[in-house]
Amino acid sequence: MNPALQGLLTIAIGVGACVGYFYFANQILDKVIFPARGPNAGRNINRANHIRPWLFLFPAIFALGLYLAYPVVETLRLSLSDREQGGAFVGLDNYSQMMSEPKFWEAMRNNMLWLIVVPAMSTAFGLLAAQLTDRIGWGNIAKSLIFMPMAISFVGAGVIWKLVYETRPDDIAQIGVLNAILAGLGGAPQTWLTIPFWNNFFLMIVLVWIQTGFAMVILSAALRGIPEETVEAAIVDGANPFQIFFKIKVPQIMPTIVVVWTTITLTVLKIFDIVFAMTNGQWETQVLANYMYDKLFRAGDWGVGSAAAIIIMLLVSPILVWNVHNARKEMR
Amino acid sequence: MSGVTLSKAIKRFGDLQVIHGVDLEIEDGEFCVFVGPSGCGKSTLLRMIAGLEETTEGHISIGGRDVTRADPAERGVAMVFQTYALYPHMTVEENMGFGLKMTGTPKAEVKEKVTRAAEILQLQPYLKRKPKALSGGQRQRVAIGRAITRGPEVFLFDEPLSNLDAELRVEMRVEIARLHKEIGATMIYVTHDQVEAMTLADKIVVLRGGRVEQVGRPMQLYQNPDNVFVAGFIGSPGMNFLRGTVSGPGKVRVPALGDQEIKTGVPLPDMNTAVIVGLRPQDLGVHQAASPVTVELRERLGGVAYDYLNTPTGERIIVEIKGDEPIAAGAEVAVDFDRERVFFFDAENNRRLR
């Protein structure tokens, strides 16, 4: 069969099954289990109405349970068992083994670096871009350009930036932009991604480049929501543009800044693709997610790999809760 | 000396001219009210004085200094906005002290001035609160306090009471009048409410379409309006206007009053020229008599009542009645007035005939 037809058929069956589930489940509830007639019609209608939400929520709850809740439990179980002993329970052995590995601590340190640098830079640049583009005629074009990297996948961005950092031997033309500029200025080409410690920042720039657009769009909307009169009052009060920005505007959008910051933080904690595509954790650029991938799928050590996954989850959860809390507060 | 002088002030937004060469002299310590219907340019004019709108042409000077191109902060003005414009993230105290902090005033002095302003406005219990935790009236008080703290030469109020409910509005109106007496600074106040204008002002500036229609003391404008617009705008309920024609020397025939002829001493134009006859509701009375004028309904406000009269020409007359002698709706009535208190206007250019 033609693959296109196959695709269409799949869609038809999938959608049909969903519609069918809701329709028939509802019918059975109303006609068979709690029919709205007979001596107990009123009671039956009430009962059916109590059950209906759960009936309709069931597919979503089931899918989320299967693909989100179950893996958490399973990962936790795996992190407490050992492959070499046929999956026997070994307590926290995997964790202690992981903690004794320098590579894990390197990943931990790098993750913390990412955690501080990327949200800070993205939010700062986003705020700057939002404020500056609001004031100029071609601001919307500038905004689109800054926002565009958001549409690129992390792996794609990694590949693009790998080319920016590309190094060729001294005697042939440099195709990496950075080295080309350096060579043009008379310097010697550098292998940027192999310079320990600093190469972390070269990787972070990629994510900052992507996330600045996100921060800018959200913060730009927030800046526009500030009552114009408060700015005018500050002008009459004698505040200069910097004071207006930092003392009047920024405090008023602080809740939004916090939400943007924590949202980017969540992305950063899970960062994997960029590191995987650009250095694969070599030259001291390892991060937790890539470390987990290494252990789980390359070394096949699902004990330590799962332990790393649990660590990531533990780090993400509080920020996630806080983020949701802040976002809700903002909506009110 | 901190009077405000505008000479030939013009404001254009692109090609659209909204203020057409305003000349105005506001004395030191005067309470000046800009009044007019919405869109008349009164707020724009105020913002030009504040420096929030650039003055396209002409000059503005405050206390003898030309401030046409000066920054708002250098003009010695403080502004109270309609929406209060309090800084939501600062406490009342910080809100009031912000202006002084920006000019680098020592902390102790800021605190002292904030405390004094808070005393004047009875805001001491709220100093540590955020604006969110205050009522509308309290917020407006804080906004005024913020202006007082800066000790400006000129206070600018941009419709400060229109976000308050009716009762609070009266209360704040009295408060602002008291404040002016206490501080004695020059104040410029924008409103569309002629009652606020009448009660607060030393000088009213009536604006329409970006032009000054008339300037004067409140009672002067009430008793001696220059044109139909001012006559209709000042006074509540508004003046009744009836069409008339000159029917002889010193005589005007008014069809709405059953072709009644009104004798007058004011210089009238030629025979058969159309004029507008203006009658204040307060100057009118009615008594039952055979007449083409009928009572449509009576609105009782307690102290006074308003009779709405229908005339044969379809023009409506409102009469303010002091007593409450019952006249049935639909009854025929004659309108009484003192011919000394009748206003005549040129029907062509709406100017007062006098």
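Residues numbered from 1 in each chain as written. Chains lettered and ligands numbered in written order. Predicted model: local features only at pLDDT ≥ 70, side-chain atom pairs only at ≥ 80, totals over all residues.

## Regarding the overall build of chain B
So the rule is basically this: Secondary structure follows DSSP: runs of H or I at least 4 residues long count as helices, runs of E at least 2 residues long count as strands, and numbering of each begins at the N terminus. Buried, partly exposed and exposed are defined by the number of other C-beta atoms within 10 Å of a residue's own C-beta, namely 20 or more, between the two limits, and 12 or fewer respectively, with C-beta atoms placed from the backbone. Throughout, a pair of residues is in contact if the C-beta atoms placed from their backbones lie within 7 Å.
When helices and strands are counted, chain B shows eight helices and 20 strands. Projected onto the principal axes, the alpha-carbon positions of chain B cover approximately 75 × 45 × 35 Å. Across the 354 residues that make up chain B, the buried fraction comes to 39%. Contacts in chain B between residues far apart in sequence, at least 24 positions, make up 65% of those at least 6 positions apart.

## Section: the sheet that holds strand β1 (residues 4-13) of chain B
Residue and element names in this part refer to chain B. Note the cut-off: Two strands pair under a simple rule: DSSP has to find at least two bridges between them.
Across the sheet, four strands lie side by side as β2-β1-β4-β5; this open sheet has antiparallel pairing. Lying at the two open borders of the sheet, with one neighbouring strand each, are β2 (16-26) and β5 (65-66). Alignment of β1 against β2, held across seven bridges, turns out to be antiparallel. Within β2, the position partnered with Thr-5 by the bridge is Glu-25.

## Digging into the nonpolar core
The cut-off we apply is this: What makes a nonpolar core is a set of buried Ala, Val, Leu, Ile, Met, Phe, Trp, Tyr and Cys residues, with links drawn between C-beta atoms within 7 Å.
Membership of the largest hydrophobic core comes to 102 residues, with the highest contact counts inside it found for B:Val33, B:Ile49, B:Met79, B:Leu156 and B:Ile188. Once residues within four sequence positions are removed from consideration, B:Val33 is found in contact with B:Tyr189, B:Thr191, B:Ala197, B:Leu200, B:Ala201, B:Ile204 and B:Val205. By size, the runner-up hydrophobic cluster in this structure holds 51 residues, among which are A:Met98, A:Ala130, A:Val287 and A:Val304.

## A look at the interface of chain A and chain B
Which entries qualify depends on this criterion: Here the term charged refers only to Asp, Glu, Lys and Arg, the term nonpolar to Ala, Val, Leu, Ile, Met, Phe, Trp, Tyr, Cys and Pro, and the term polar to all other amino acids, Gly among them.
Across the contact, 14 residues belong to chain A and 17 residues belong to chain B. Of the residues belonging to the side of chain A that touches chain B, the class tally is seven nonpolar, four polar and three charged.

## Let's talk about the domain arrangement of chain A
Residues and elements named next belong to chain A. The test is simple: Boundaries between domains were set according to an automatic or database domain assignment.
Domain boundaries assigned for chain A yield domain 1 (3-79) and domain 2 (96-331). Of note, the centres of domain 1 and domain 2, computed from C-alpha atoms alone, are 40 Å apart. With five residues of domain 1 at the interface, the matching set in domain 2 holds seven residues. For the side of domain 1 that touches domain 2, the residue count by class is three nonpolar, two polar and no charged.

## Structural notes on the pairing of β1(B)
Residues and elements named next belong to chain B. Relative to strand β4 (residues 57-62), β1 is paired through five bridges, and the arrangement is antiparallel. Bridging from a neighbouring strand, Leu-6 pairs with Ile-60 of β4. As consecutive antiparallel partners, β1 and β2 are separated by two residues, and within that stretch Gly-14 has a phi angle of approximately 65°, a positive value.

## A few points about the sheet that holds strand β9 (residues 203-208) of chain B
Residue and element names in this part refer to chain B. Our working rule: Angles run from 0 to 180 degrees between N-to-C directions of axes, and those axes are lines fitted to C-alpha atoms, restricted for helices to the stretch in contact.
Reading across the sheet, the six strands line up as β6-β7-β8-β3-β9-β10 and stay open at both edges, with mixed pairing between neighbours. Each end of this open sheet is capped by a strand with a single partner; those strands are β6 (77-80) and β10 (211-216). With strand direction ignored, the average angle separating the axes of adjacent strands in the sheet is 20°. Of the strand pairs in this sheet, strand β3 (residues 31-35) and strand β8 (residues 186-191) are connected by five bridges, and their pairing is parallel.

## Some remarks on the environment of A:Met204
All names here are of chain A. Within the secondary structure, Met-204 is located in helix α8 (residues 198-224). Linking Met-204 and Met-121, residues 83 residues apart in sequence, is a C-alpha distance of 9.6 Å. Not counting the four nearest positions on each side in its chain, Met-204 is found in contact with Trp-114, Val-117 and Val-118.

## Considering the packing of helix α4 (residues 102-133) of chain A against helix α11 (residues 254-269) of chain A
Residue and element names in this part refer to chain A. How we decide: Oblique is the label for any angle not covered by the other classes, which are roughly parallel (under 35 degrees), roughly antiparallel (over 145) and roughly perpendicular (65 to 115). It is the rotation of the near helix from the far one that decides the hand of a crossing: anticlockwise by less than a right angle makes it left-handed, clockwise makes it right-handed.
Relative to each other, α4 and α11 sit at 140°, their axes nearing to 9 Å. Here α11 runs oblique to α4, going by the angle between their axes. The chirality of how α4 crosses α11 is right-handed. Contacts between α4 and α11 involve Asn-111, Trp-114, Leu-115, Val-118, Pro-119, Ser-122, Thr-123 and Gly-126 from the first element and Ile-257, Val-260, Trp-261, Ile-264, Thr-265, Val-268 and Leu-269 from the second.

## Describing helix α4 (residues 136-149) of chain B
All names here are of chain B. Stated precisely, the cut-off is as follows: Expected helix span is taken as 1.5 Å per residue step, with the number of steps being one fewer than the number of residues.
An ideal rise of 1.5 Å per residue puts 20 Å on 14 residues; α4 measures up with 20 Å between its terminal C-alpha atoms. Among the 14 residues that make up α4, twelve are buried, leaving the element largely enclosed by the rest of the structure. Among the residues making up α4, those that are buried are Gln-138, Arg-139, Gln-140, Arg-141, Val-142, Ala-143, Ile-144, Gly-145, Arg-146, Ala-147, Ile-148 and Thr-149. Gly-151, located one to two residues past α4, shows a positive phi value of around 55°.

## A closer look at the environment of B:Lys132
Inspection of the secondary structure puts B:Lys132 in the loop between α3 (107-120) and α4. Separated by 46 residues in the primary sequence, B:Lys132 and B:Leu86 have C-alpha atoms spaced 9.5 Å apart.

## Topic: the pairing of strand β12 (residues 251-254) of chain B
Residue and element names in this part refer to chain B. Residues Val-252 and Val-254 of β12 are buried on one face, while the alternating residues Lys-251 and Arg-253, pointing to the opposite face, are not. Summarising the sheet, strand β11 (residues 240-248) and β12 pair through three bridges and their orientation is antiparallel. Bridge pairing links Thr-245 to Arg-253 in β12. The antiparallel pairing of β11 with β12 creates a hairpin that spans two residues between the two strands, and Gly-250 there sits at a positive phi of about 70°. Sheet analysis places β12 next to strand β13 (residues 260-263), joined by four bridges and oriented antiparallel. Following the sheet pairing, Lys-251 is matched in β13 by Lys-263. Taking the residues between adjacent antiparallel strands as the criterion, β12 and β13 are bridged by five residues, where Gly-258 takes a positive phi near 70°.

## A short note on unusual backbone geometry
Residues and elements named next belong to chain B. Across the junction of Ser-236 and Pro-237, the peptide omega takes the value -5°, indicating a cis bond. Position of Pro-237 relative to the elements: it lies in the loop between α8 (228-233) and β11. The phi torsion at Gln-122 lies on the positive side, around 55°, for a residue other than glycine. Following the sequence through the fold, Gln-122 ends up in the loop between α3 and α4.

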